[in-house]
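Given next are the chains, with one letter for each unit.
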Amino acid sequence: MLKACRVDDVEPGDTLQLICDDRPPIALYNVDGTFYATDDICSHGDASLADGLLEGCAIECPFHAGTFDVRTGEALTRPCVDKINAYPVKIEGDHVYVLLHETAPA
Ligand code: FES
């Protein structure tokens, strides 16, 4: 379980890149007060999705504007085709945790 940040570190509509020691980075999203987490690197290229534009539950890649559903990691629009991993998020007290060893329900 990754201790990501404090709840108030990411405003609704914002994203945060989480750097991990032993694995590729994670992108954390605040969608109207609900947190979601996915792989940070786009499945189409070497772009950080945390630098993209979050609109509702869709994150738009900053490189070629493909989109993913942050709840499931499913690719929504081209050129993105392959899904990315999505991870369950847990709030405990004031902190956000990402459960890296589980996959969020589709
Ligand atoms: S690198 Fe993300 S859409 Fe191309």
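Residues numbered from 1 in each chain as written. Predicted model: local features only at pLDDT ≥ 70, side-chain atom pairs only at ≥ 80, totals over all residues.

Student: Hey, could you run me through the overall build of the chain in this one?
Tutor: Looking only at helices and strands, one finds zero helices and eleven strands in the chain. Its helices and strands taken in sequence order, the chain reads β-β-β-β-β-β-β-β-β-β-β from the N to the C terminus. Scaling as 2.2 N^0.38, a compact globule of 106 residues should have a C-alpha radius of gyration of about 13 Å, and the chain matches this with 12 Å. Here the C-alpha coordinates of the chain stretch approximately 40 × 30 × 25 Å along the principal axes. (Helix = DSSP H or I, 4+ residues; strand = E, 2+ residues; numbered from the N terminus. Rg over C-alpha atoms; globule rule 2.2 N^0.38 Å.)

Student: I would appreciate a short explanation of the sheet that holds strand β6 (residues 58–60) in the present structure.
Tutor: Hydrogen bonding along the main chain pairs the strands of a sheet, whether they run parallel or antiparallel. Here we have four strands laid out as an open sheet, ordered β5-β6-β7-β8, and antiparallel in their pairing. In this open sheet, the two edge strands, each paired with only one partner strand, are β5 (53–55) and β8 (75–77). Averaged over neighbouring strand pairs, the angle between their axes works out to 30° when direction is ignored. Bridging between β6 and strand β7 (residues 67–69) involves three bridges; their strand directions are antiparallel. Its bridge partner lying in β7, Ile 59 is registered against Phe 68. (Pairing = 2+ DSSP bridges. Axes fitted to C-alpha atoms, helices over the stretch in contact; angles between N-to-C directions.)

Student: Hey, could you run me through unusual backbone geometry in this one?
Tutor: If a residue is not glycine, its phi is most likely negative; likewise, a peptide bond is most likely trans. Put simply, Arg 78 and Pro 79 share a cis peptide bond, and its omega is 10°. With respect to the helices, strands and loops of the structure, Pro 79 is situated in the loop between β8 and β9 (86–87). Unlike most non-glycine residues, Asp 32 shows phi in positive territory, near 50°. For Asp 32, the position within the fold is in the loop between β3 (26–31) and β4 (34–39). With 8 C-beta atoms counted inside 10 Å, the residue Asp 32 sits in the exposed group. Of note, the phi angle at Ala 65 is positive, near 70°, even though the residue is not glycine. Topologically, Ala 65 is positioned in the loop between β6 and β7. (Buried ≥ 20, exposed ≤ 12 C-beta atoms within 10 Å, placed from the backbone.)

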